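So the chains spell out like this:
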Amino acid sequence: MVIDALVLVVYFLAIFAIGIWSGKKQHDLEDYALGGRALPWWAILASIIAAEISAATFLGAPGEGYATRNFTYAQLCIGTIIGRIVVGKLFLKPYYDYNVVSIYEYLEKRFGHATRQMGSFVFLASRVLASGTRLYFAGILLVIAWQFMTGHTASNDQVVFLYTTALIVITLITTIYTTIGGLKAVVWTDVLQAGILAVSIIAAMIVLWTHIPGGADQIAAELDQPGDWVFWSWGLKEGENLWGQFKSILSQEYTIWAAFLGSSFVTMATHGTDQDMVQRMLAARNSTSGAKAVILSGLIDLPIVLVFLFTGMLLYVFYQANPQYQIPERTLEIFPHFIIYHLPAGIRGLLVAGLLATAMGSLSTALNSLATTTARDWYQGVFRPSAQPGELLKAAKWLTVFFSILLIVVGAITAWYTVHHPEVRIIPIALGIFGYTYGSLLGVFLLGMLTKRRGSDLGNCLGMVAGFLTVGFLSKLFPLPDSWQTCIPEMAFPWRVTAGTIATFLVGICFPSRATANK
């Protein structure tokens, strides 16, 4: 444990050093939020990857590989590549042309003030819920480590306490370097964290492989059931009519249809209309560099996901080949349990640092983007239009602290819920939250990008409400009459953004823009 602790100490010292170094020469919100628009594309690329691989992915993707013993989850990466190409080619140039700090400024310049505030509010609410939920997952390792060191199984109340403690510690450390260094600290710490992540997951795979008796032959023997190793899934059911097949496709998460269509819309929303991701791309010197970073990150995303899923498949073989080892009941605890109980000292510390890196990487940019959006769209855009650069910078830093407290609260609530509802799955929770709202955001942004004379404040607000209600009904969020239950397909999370986008766009396009209406 001493070696593991030393590895973590070195990691945290490096994080703080980068944060302090990055905090120099900050004069205004643009320096704090966009790093002076002077960051190299390859650093932004590494930062995007580090933010995407949150603690939910770090633990959840191996859990999916363990449970399914195939690569069907990786199908969604096809859509992430398509979606990022659209973002790089369609979204970034207008953001640069309008010289925005908050991307919701674009909505005001294209449509009006109400659309900007509505879009900004939707982002803030969605990002707080999504990031707070993902933050909870980083505490899983601490709970397992406590049980490993004490030899006792923690009660539900103790588990919630341990989760909350982990959230506070991780958030406190992340808030310090994010508040000091701004986006520049976020990006450069993400570069370090991406490197740690790569080394740690490769080390875990090597240890797993070498501890499976028989090696490749044993792996092939254990993974020989129908459905093992599969990448593509059509999601079709035998004997169903056309409507039945359609409902089946919409109700499944990992199919070829979701890969090419549903996942593309999800990625356009998360990487084109979410300040959390776009803010990194706006820190590049120009839109071309930002586009290069986001498109290449999509190409790299596929092999990364395959590695995580294969790690989960190796975990399955490892526990089948070593029946003397206890297996956690919940799949989301499989990988952290292996890290704590079976990795040698040093490598265990590296994997813990890797998990912390994923949690802190996604958390740091969430804090920075939440503070930037609130400072720009609300503090300056509504309450203090005459705010000076220094005042706005100070407000952004205090808002970073405020949102860190809010995320801890959301993470603690999530911990309590999952402890008392152990049947929940990690990936749908982490990815499903924004599915209810980001379709509304994407619909409005696409209306602005693809048309010149359609869309108004009133129409856009109505469209966003329509998008949310559409997704709510199709995902059974809202209660439905019994006669409707069998008629309406229950929509899986990759399809929610698609449905919300279409509904929002169709309503919004019915209203003429301000310039057209005045003619």
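These numbers come from a predicted model, not from an experiment.

How each quantity is defined
Residues numbered from 1 in each chain as written. Predicted model: local features only at pLDDT ≥ 70, side-chain atom pairs only at ≥ 80, totals over all residues. Heavy atoms only, no water. Helix = DSSP H or I, 4+ residues; strand = E, 2+ residues; numbered from the N terminus. Rg over C-alpha atoms; globule rule 2.2 N^0.38 Å. Buried < 20%, exposed > 50% of the residue type's maximum accessible area, 1.4 Å probe, protein only. Areas by Shrake-Rupley, 256 points an atom, 1.4 Å probe, with all protein chains shown as cover. Lys, Arg positive; Asp, Glu negative; His and termini not counted. Charge placed at Lys NZ, Arg CZ, Asp CG, Glu CD. Contact = heavy atoms within 4.5 Å. Axes fitted to C-alpha atoms, helices over the stretch in contact; angles between N-to-C directions. Left-handed = near helix turned anticlockwise from the far one by under 90°. Nonpolar A, V, L, I, M, F, W, Y, C, P; charged D, E, K, R; others polar. Phe/Tyr/Trp six-rings, centres within 6.5 Å; stacked < 30°, edge-to-face > 60°. Lys NZ or Arg CZ within 6 Å of the ring centre and 35° of its normal. Parallel < 35°, antiparallel > 145°, perpendicular 65-115°, else oblique. Salt bridge = Lys/Arg side-chain N within 4 Å of Asp/Glu carboxyl O.

Student: So, the overall build of the protein chain: which residues are in play, and what are the values?
Tutor: Counting its regular elements, the protein chain contains 23 helices and zero strands. Its C-alpha radius of gyration of 23 Å places the protein chain within 12% of the 24 Å reference for a compact globule of 519 residues. A total of 519 residues make up the protein chain; the buried ones form 60% of that total. Looking at the protein chain as shown, the accessible area adds up to about 20,400 Å², and 68% of this sits on carbon and sulfur atoms. Separation of charge centres in the protein chain, based on 32 positive and 29 negative side chains, amounts to 13 Å.

Student: Just give me the short version of the environment of Ile196, but keep the residues and values in it.
Tutor: Positionally, Ile196 belongs in helix H9 (residues 156-210). Among residues more than four places away in sequence, those in contact with Ile196 are Tyr11, Leu350, Ala353 and Gly354.

Student: Describe the packing of helix H5 (residues 76-97) against helix H12 (residues 256-272), listing the residues and the values that go with them.
Tutor: The geometry of H5 relative to H12 is characterised by a closest axis approach of 7 Å and an angle of 40° between their N-to-C directions. Crossing geometry of H5 relative to H12 is assigned as right-handed. Taking contact as the criterion, the partners of Leu76, Ile78, Gly79, Thr80, Ile82, Gly83, Arg84, Val86, Val87, Phe91 and Tyr95 in H5 are, on H12, Ala258, Ala259, Phe260, Ser263, Ser264, Thr267, Met268, His271 and Gly272. Of the residues assigned to the contact of H5 with H12, the class counts are 11 nonpolar, eight polar and one charged.

Student: Go over the packing of aromatic side chains with me, naming the residues and quoting the values.
Tutor: Summed over the entire model, instances satisfying the criterion amount to 20 aromatic pairs. Centre to centre, the rings of Tyr106 and Phe445 are 6.0 Å apart; their planes meet at 15°, and the pair counts as stacked. Pair noted here: Tyr106 is in helix H6 (residues 104-110) and Phe445 is in helix H19 (residues 438-450), with a separation of 339 residues, a long-range link. Assessed through its relative accessible area of 3%, Tyr106 is described here as buried. Joined through ring pairs, the aromatic side chains of Tyr95, Tyr98, Tyr104, Tyr106, Phe123 and Phe445 make up one cluster. In this arrangement the basic side chain of Arg37 is found over the ring face of Tyr96, its NZ or CZ atom lying 5.9 Å from the centre. Taking NZ or CZ as reference, Arg69 lies 4.6 Å from the ring centre of Tyr316, over its face.

Student: Could you give me a rundown of the packing of helix H7 (residues 113-137) against helix H20 (residues 457-474), with the residues and numbers involved?
Tutor: Two elements in contact, H7 and H20, have axes whose closest approach is 8 Å; the angle formed by their N-to-C orientations is 25°. Here H7 lies roughly parallel to H20, going by the angle between them. Helix-helix and strand crossings are classified by hand; for H7 and H20 the assignment is left-handed. Facing H7, whose interface residues are His113, Ala114, Thr115, Met118, Gly119 and Val122, H20 presents Asp457, Asn460, Cys461, Met464 and Val465. Along the lines of polarity and charge, the residues of the contact of H7 with H20 split into six nonpolar, four polar and one charged.

Student: So, the pattern of salt bridges: which residues are in play, and what are the values?
Tutor: Scanning all chains against the criterion turns up 12 salt bridges. Glu108 serves as the salt-bridge partner of Arg116, at 2.6 Å between the closest nitrogen and oxygen. Looking at Arg116, the relative accessible area reads 9%, which means it is buried. Under the relative-accessibility criterion, Glu108 is labelled partly exposed at 24%. Beyond isolated ion pairs, a larger network of salt bridges with shared partners links Arg127, Asp190, Asp274, Asp276 and Arg280.

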